[in-house]
Amino acid sequence: MKNVSRVPIVCLLVCYVFTAIGQSEYELDINQNFRKTLLLHKDFVSIPNLPQDSGLMIENVEWVAHRYQLLDFKVNILETNTLPILLVEKTFDPSYKTVLFYFHVDGQPVDRDSWNQADPFQPVLKALDETGEWQVKDWKALEDSIDDQWRIFARAAADDKAPIVMLLEALRILDARKEIPGFNIKVVFDPEEEYGSEALLSTLDQYKEQYSSDFLIVMDGPMHDSNRPTVTFGCRGIATCSITTFGAKLPQHSGHYGNYVPNPVFDLANLLSTMKDDHGKVLIKDFYQGISIDEKTDQLLQSV
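Residues numbered from 1 in each chain as written. Predicted model: local features only at pLDDT ≥ 70, side-chain atom pairs only at ≥ 80, totals over all residues. Heavy atoms only, no water.

A. Expanded view of the overall build of the chain. A count of helices and strands for the chain gives 9 helices and 9 strands. Along the longest, intermediate and shortest principal axes, the C-alpha atoms of the chain span 80 × 50 × 45 Å. Taken over 304 residues, the chain has a buried fraction of 36%. Across the chain, contacts joining residues at least 24 apart in sequence account for 72% of those joining residues at least 6 apart. (Helix = DSSP H or I, 4+ residues; strand = E, 2+ residues; numbered from the N terminus. Buried < 20%, exposed > 50% of the residue type's maximum accessible area, 1.4 Å probe, protein only. Contact = heavy atoms within 4.5 Å.)

Right, here's the structure in full:
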């Protein structure tokens, strides 16, 4: 479902982030601007966002930066080893805590042959027919009643451009109502999340003060099927390494050599089997060094 954006509910979710007031307080604003929000999302998704095209990536960054400038956010373009990082921020009250929101503006690689549409970067509105097949709808359908079961098909429509538009729309609604959240906001946009985040990683020390905050919310991940807000207790990263095993240059016929030449496939399998036990615990020496879990967190984990 990476290429499907559940856009009909994007505006509803973020209201929970900013206020404890009931959702009904905002329903009128959301519904009145819903078509405009979906077309804004369509415009954003129409900009290809594969990092190998730096020009288009800059266009993505500029698109987002402009929308935050309209909301009177301070816009910072941070230079990196590769593509620039966008960081926007707004202080609503110096006494408030600061929340840093994380997004990424790049998309996954595209295999155009696997897409049932002419261009993965041209968003297509679709609805299910009686046989359960997705059928294309004209975008003019948004001028009438919008069905929550409609979907938008395009690369990065959901991951991660839908959440970007979602937060922008929530901030715009609050701004129009002359309301402010109960915390200050920073938002960072990673240009290479799908490709290893080299840009962001290269700046962690250099821009440490700019990234500093009291809390971090990662706006990238699946929604619960109920469409209700969810709380995630932690995000897991990735560590990579390369392992090379060596063997004979040519296949060794068992009838000629009696299988006395070691097969590197089994050497590698044996090596991998020593890295985790049957319960998933990593057995590599010092793998958990520096990691501690307090009693409260341990109780929470055990309750799941």
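Back to the write-up after that little detour.
B. Spatial organisation of the packing of aromatic side chains. Overall, the coordinates contain 8 aromatic pairs when judged by the stated rule. Here Phe73 and Phe92 contribute two aromatic rings whose centre-to-centre distance is 6.5 Å and whose plane-to-plane angle is 80°, an arrangement assigned as edge-to-face. Residue Phe73 is found in the loop between α3 (54-70) and β2 (74-78), and its partner Phe92 is found in the loop between β3 (85-90) and β4 (98-104); the two are separated by 19 residues along the sequence. On the basis of relative accessible area, Phe73 is assigned to the buried category, the value being 8%. With a centroid separation of 6.4 Å and 70° between ring planes, the pair formed by Tyr207 and Tyr211 is classed as edge-to-face. Comparing Tyr207 with Tyr211, the two get one shared label, buried. Chaining the aromatic ring pairs together yields one cluster made of Tyr68, Phe73, Phe92, Phe103 and Phe189. (Phe/Tyr/Trp six-rings, centres within 6.5 Å; stacked < 30°, edge-to-face > 60°.)

C. A look at the pairing of strand β5 (residues 124-128). With 4 of 5 residues buried, β5 lies mostly within the body of the structure. By the bridge criterion, 3 bridges tie β5 to strand β7 (residues 151-153) in an arrangement that is antiparallel. Bridge pairing in β7 links Val124 to Phe153. Of the strand pairs in this sheet, β5 and strand β6 (residues 134-137) are connected by 4 bridges, and their pairing is antiparallel. Across the sheet, the residue bridging to Lys126 is Val136, located in β6. Connecting β5 to the next strand, β6, in antiparallel fashion are 5 residues, including Gly132 with a positive phi near 85°. (Pairing = 2+ DSSP bridges.)

D. Up close: α3. With 17 residues, α3 extends 25 Å between its outermost C-alpha atoms, agreeing within 8% with the 24 Å of an ideal straight helix rising 1.5 Å per residue. One or two residues past the end of α3 sits Asp72, with phi positive at roughly 65°. (Expected span 1.5 Å × (residues − 1).)

E. Just the sheet that holds β4, in detail. As summarised here, the arrangement of the 5 strands in space is β2-β3-β8-β4-β9, forming an open sheet in which the pairing is mixed. Looking at the sheet topology across the chains shown, the edges are occupied by β2 and β9 (215-218). Neighbour to neighbour, the strand axes of the sheet diverge by 20° on average, direction disregarded. Bridge count between β4 and strand β8 (residues 184-190): 7 bridges; the pairing is parallel. (Axes fitted to C-alpha atoms, helices over the stretch in contact; angles between N-to-C directions.)

F. Region of interest: a nonpolar patch on the surface. A surface patch of nonpolar side chains, amounting to about 590 Å² of accessible area, comprises Ile284, Phe287, Tyr288, Ile291, Ile293 and Leu301. Looking at the secondary structure, you find Ile291 in the loop between α8 (264-273) and α9 (295-303). On the accessibility criterion, Ile291 (57% relative accessible area) is exposed. (Patch = residues over 30% accessible without salt bridge, like charges linked within 9 Å, V, L, I, M, F, W, Y side chains within 5 Å. Areas by Shrake-Rupley, 256 points an atom, 1.4 Å probe, with all protein chains shown as cover. Salt bridge = Lys/Arg side-chain N within 4 Å of Asp/Glu carboxyl O.)

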